[in-house]
Amino acid sequence: MSQGPRSGLNAVSSALLAMSRHLEVRDVLKTIVASARELLDAEYAALGVPDDHGGFAQFVVDGVSDEQWKAIGPLPRQHGILAAMLQKAEPERLADVREDPRFEGWPDAHPDMSDFLGLPIRYGDETLGALFLANKRCPRIEGRCGFTADDEELLGILAQHAAIALTNARLYERSRELTIAEERSRLAHELHDAVSQKLFSLRLTAQAAAALVDRDPSRAKGELQQVAALAAEAADELRAAVVELRPAALDEDGLVATLRTHSQVLHRAHSARVTFDSNGVRALPAAQEEAMLRVAQEALHNALRHSGAASVAVTLDKRGAGAVLRVTDDGKGFDPQVIRRAGRHLGLVSMRDRASGVGGRLTVDSAPGKGTTIEMEVPGG
Ligand SMILES: Nc1ncnc2c1ncn2[C@@H]1O[C@H](COP(=O)(O)OP(=O)(O)OP(=O)(O)O)[C@@H](O)[C@H]1O
Ligand SMILES: [Mg+2]
């Protein structure tokens, strides 16, 4: 093996490459520790990430077997030399750690260590963690050897890159958590808007069939066919929500036909009269059509479930390059401000989000005893 600065450079370079290949924080930590131990030819290496309570959120070791690690017991706390390094954020290079006045001893199963090199890992003003190495492996003919100033410099370079790799990995993990949270909320909206409405109609239709089965078997049969159709639609919507598909009907039939069919289905499933009327609307950008359909579904659903209306009218009209959707019921109405103050209602919140998400506008016009009109306008393309 060649000696001198070149081999050091190669070793550093491969350590850096290994670190940047990982995206999970724990993997990055493990690579840093293993690289540091190899680079400086030490018997033991460890990396501690402090928590805010005087302990370590993570503590990764290299050179200690799993059994040994278990036997040592609980994770170290931040005290003695470890604490000094984290607080002062300065390197510590000791010929014999056991002779340092700050040394407080270690647990029974802890391996014996003498020479010690510790370095904080800093990013800007923040101390992300500390890297410790112990027992440099060198021919011990003359008794002891220890870490050199060159070792300290080399570890310093590694620590700087470790800080970057660690920060990147943290950012990556955080962004992934965010994506998962967004995905969960999208799915909740989707399931609420599409599937729960279908299930509600399904329940009513099944109840109607049950009530008719003795008295009027042939009408009961009709209701049961309706149950089957609604169940099939619910299954489709569920699938679409999960794999993030547009409602299939929109692609096949367009917004106008889809709204018409939907209104007809609801008309048959509920006792209220549900009508649909459309004027001059041509195809809109896909996202706007989808948002329109979802808002229409929720508004219809609310009208049928909460208002006790005798009739519900859905209209879709051209306005400029865009379109206006209106869902009007002659039911008991409500005070939108009272509802808003009463807490989060997913339906109304979701309608507003859908409208603003496509550059549109939603208006809720309702008052107790007056009926309700939900209006949504989208700009078109
Ligand atoms: N057309 C309507 N007529 C009468 N009251 C309504 C109407 N639409 C909404 N409401 C009232 O507003 C409340 C909030 O509606 P929203 O759709 O946000 O929630 P929800 O329908 O109760 O529950 P979900 O989250 O399942 O939609 C309803 O509980 C109801 O009291
Ligand atoms: Mg609702």
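For clarity, every value in this text was computed on a predicted model and none was experimentally measured.

Student: Mind showing me how you'd approach the packing of helix H2 (residues 25-40) against helix H5 (residues 149-212) here?
Tutor: Working note: a packed helix pair is described by the angle between its axes plus the distance between those axes. Contact pair H2 / H5: the axes reach a minimum separation of 9 Å and the direction vectors enclose 170°. In terms of axis orientation, H2 runs roughly antiparallel to H5. Taking contact as the criterion, the partners of Val25, Val28, Ile32, Ser35, Ala36, Leu39 and Leu40 in H2 are, on H5, Asp151, Leu154, Leu155, Leu158, Ala162, Ala165, Leu166, Ala169, Arg170 and Glu173.

Student: Is there a simple way to think about the pairing of strand S9 (residues 361-367) in this case?
Tutor: Every regular strand shows the same layout, with side chains that alternate between the two sheet faces. Across 7 bridges, the pairing between S9 and strand S10 (residues 371-378) is antiparallel. Following the sheet pairing, Ala367 is matched in S10 by Gly371. Remark: 3 residues form the turn of the hairpin made by S9 and S10, two consecutive strands paired antiparallel; Gly369 in that turn has positive phi of roughly 85°.

Student: Looking at this structure, how should I read the environment of Phe132?
Tutor: Following the sequence through the fold, Phe132 ends up in strand S5 (residues 126-136). The sequence separation of Phe132 and Ser278 amounts to 146 residues, and the corresponding C-alpha distance is 73 Å.

Student: How should I be thinking about the pairing of strand S6 (residues 273-279) in this particular structure?
Tutor: Pairing geometry for S6 and strand S7 (residues 311-319), over 7 bridges, is parallel. Pairing of Asn279 across the sheet is with Asp317, part of S7. The parallel pair S6 and S7, bridged by helix H8 (residues 286-307), forms a crossover whose chirality is left-handed.

Student: Just to check I follow, could you spell out H5 for this structure?
Tutor: Side chains that are three or four residues apart share a direction in an α-helix, a result of its 3.6 residues per turn. Between its first and last C-alpha, H5 extends 92 Å over 64 residues, near the 94 Å set by a 1.5 Å rise per residue. Taken as a whole, H5 carries its principal kink of about 35° at His192.

Student: Looking at this model, I keep getting lost on the site of ligand 1. Mind explaining?
Tutor: What surrounds ligand 1 is a group of 16 residues, the closest being Asn302, Ser307, His345, Gly347 and Leu348. Counting residues per element, the shell around ligand 1 draws most heavily on H8, which supplies 4 residues. Among the residues forming the shell around ligand 1, the class breakdown is 5 nonpolar, 9 polar and 2 charged.

Student: How do you make sense of the sheet that holds S6 when you look at a structure like this?
Tutor: Each strand in a sheet pairs with its neighbour through backbone hydrogen bonds, running either in the same direction (parallel) or in the opposite one (antiparallel). Strand order in the open sheet formed by 5 strands is S6-S7-S8-S10-S9, and the pairing between neighbours is mixed. Two strands in the sheet have a free side with no partner beyond their single neighbour: S6 and S9. Geometrically, the sheet is characterised by an average inter-axis angle of 10° between neighbouring strands, direction not taken into account. Against the sheet, H8 touches S7, strand S8 (322-329), S9 and S10, its axis set at about 10° to S8. Along the sheet, helix H10 (residues 346-357) contacts S9 and S10; its crossing angle with S9, the most-contacted strand, is approximately 150°.

Student: It is not clear to me how the packing of H8 against H10 should be interpreted in this structure. Could you clarify?
Tutor: Between H8 and H10, whose axes approach to 9 Å, the crossing angle comes to 160°. Accordingly, the angle class assigned to the pair H8 and H10 is roughly antiparallel. Note on packing geometry: the crossing formed by H8 with H10 is left-handed. Taking contact as the criterion, the partners of Ala291, Arg294, Val295, Glu298, Ala299 and Asn302 in H8 are, on H10, Gly347, Ser350, Met351, Arg354, Ala355 and Gly357. Split into classes, the residues belonging to the contact of H8 with H10 amount to 5 nonpolar, 4 polar and 3 charged.

Student: Please explain the sheet that holds S5 as it appears in this structure.
Tutor: Spatially, S2-S1-S5-S4-S3 is the arrangement adopted by the 5 strands of the open sheet, whose pairing is antiparallel. The open sheet terminates on both sides in strands that have one partner only, identified here as strand S2 (56-62) and strand S3 (92-94). On average, adjacent strands in this sheet sit at an angle of 15° to one another, irrespective of strand direction. Two strands pair when backbone bridges link them, and strand S1 (residues 42-50) and S2 are joined in this way by 6 bridges, in the antiparallel orientation. Pairing of Val49 across the sheet is with Gln58, part of S2.

Reading the values: the criteria
Residues numbered from 1 in each chain as written. Chains lettered and ligands numbered in written order. Predicted model: local features only at pLDDT ≥ 70, side-chain atom pairs only at ≥ 80, totals over all residues. Axes fitted to C-alpha atoms, helices over the stretch in contact; angles between N-to-C directions. Helix = DSSP H or I, 4+ residues; strand = E, 2+ residues; numbered from the N terminus. Parallel < 35°, antiparallel > 145°, perpendicular 65-115°, else oblique. Contact = placed C-beta atoms within 7 Å. Pairing = 2+ DSSP bridges. Right-handed = clockwise from strand over helix to strand, strands pointing away. Expected span 1.5 Å × (residues − 1). Bend = angle between axes of the 7 residues up to and from the residue. Near = placed C-beta within 6 Å. Nonpolar A, V, L, I, M, F, W, Y, C, P; charged D, E, K, R; others polar. Left-handed = near helix turned anticlockwise from the far one by under 90°.

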